[in-house]
Amino acid sequence: MEEKFKNWLIQESYREFSQKRNPSTVYDYCKRVSMVIENEKLGSWEKLADNIGYYVKIYGPDGAKEKEGEKSHRSVINALRAFERFLKTV
């Protein structure tokens, strides 16, 4: 599922590389989603997918893990929201 998400991000025009050819948003979002899976001890992208709405809520504004969701200029919550949008296409 991670590879499909990565490809979807690229299709949706998220940046794969910076101007200096460093990994950019696509890879960062994949890393952030993987981090949530690890932190929540879910074990797989599919388990996260099963309850994505719950995790978007708790990592979002006023959620129990809002502080983690806001890390790195809100990239954690933005990655989860992108993953939620992706899931609606599969």
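Residues numbered from 1 in each chain as written. Predicted model: local features only at pLDDT ≥ 70, side-chain atom pairs only at ≥ 80, totals over all residues. Heavy atoms only, no water.

1. A word on the environment of I10
The criterion, for reference: Strands are runs of DSSP state E lasting at least 2 residues, helices are runs of H or I lasting at least 4, and numbering of each runs from the N terminus. Residues are treated as being in contact if the distance between any of their heavy atoms lies within 4.5 Å.
Relative to the elements of secondary structure, I10 occurs in helix α1 (residues 2-11). Sequence separation of I10 and F83 is 73 residues, and the distance between their C-alpha atoms is 13 Å. For I10, the residues in contact, after removing those within four places along its chain, are E16 and V26.

2. Details of the packing of α1 against helix α2 (residues 25-39)
Definition in use: The convention used is that axes are lines fitted to C-alpha atoms, helices contributing only their stretch in contact, and that angles between N-to-C directions extend from 0 to 180 degrees. It is the rotation of the near helix from the far one that decides the hand of a crossing: anticlockwise by less than a right angle makes it left-handed, clockwise makes it right-handed. Here the term charged refers only to Asp, Glu, Lys and Arg, the term nonpolar to Ala, Val, Leu, Ile, Met, Phe, Trp, Tyr, Cys and Pro, and the term polar to all other amino acids, Gly among them.
At a minimum axis separation of 9 Å, α1 and α2 run at an interaxial angle of 145°. α2 is crossed by α1, and the crossing has right-handed handedness. Along the contact surface, α1 presents E2, F5, K6, L9 and I10, while α2 presents V26, Y27, Y29, C30, V33 and S34. Partitioning the contact of α1 with α2 into residue classes produces eight nonpolar, one polar and two charged.

3. Examining the side chain of S75
Structurally, S75 is set in helix α6 (residues 71-87). Not counting residues up to four positions away in its chain, the partners in contact with S75 are D28, Y29, R32 and G69.

4. Regarding the pattern of salt bridges
Here the idea is simple: oppositely charged side chains can pair when their charged atoms come close. What counts here: By definition here, a salt bridge exists when the distance from a side-chain nitrogen of Lys or Arg to a carboxyl oxygen of Asp or Glu is within 4 Å.
Using the criterion set out here, one finds four salt bridges in the structure. E3 serves as the salt-bridge partner of K6, at 3.4 Å between the closest nitrogen and oxygen. Within this pair, K6 and its partner E3 are both found in helix α1, separated by three residues, close to a single helical turn. The shortest N-O distance in the salt bridge between D28 and K31 comes to 4.0 Å. Separated by three residues within a single helix, D28 and K31 lie in helix α2, roughly one turn from each other.

5. Thoughts on unusual backbone geometry
Our working rule: Only protein chains enter the accessibility calculation, which uses a 1.4 Å probe. A residue is then buried if its area is under 20% of the maximum for its type, exposed if over 50%, and partly exposed in between.
Of note, R21 is a non-glycine position whose phi angle comes to about 70°, a positive value. By secondary structure assignment, the location of R21 is in the loop between α1 and α2. For R21, a relative accessible area of 60% corresponds to the exposed category. Its identity as a non-glycine residue notwithstanding, R74 has a phi of 70°, on the positive side. Structurally, the position occupied by R74 is in helix α6.

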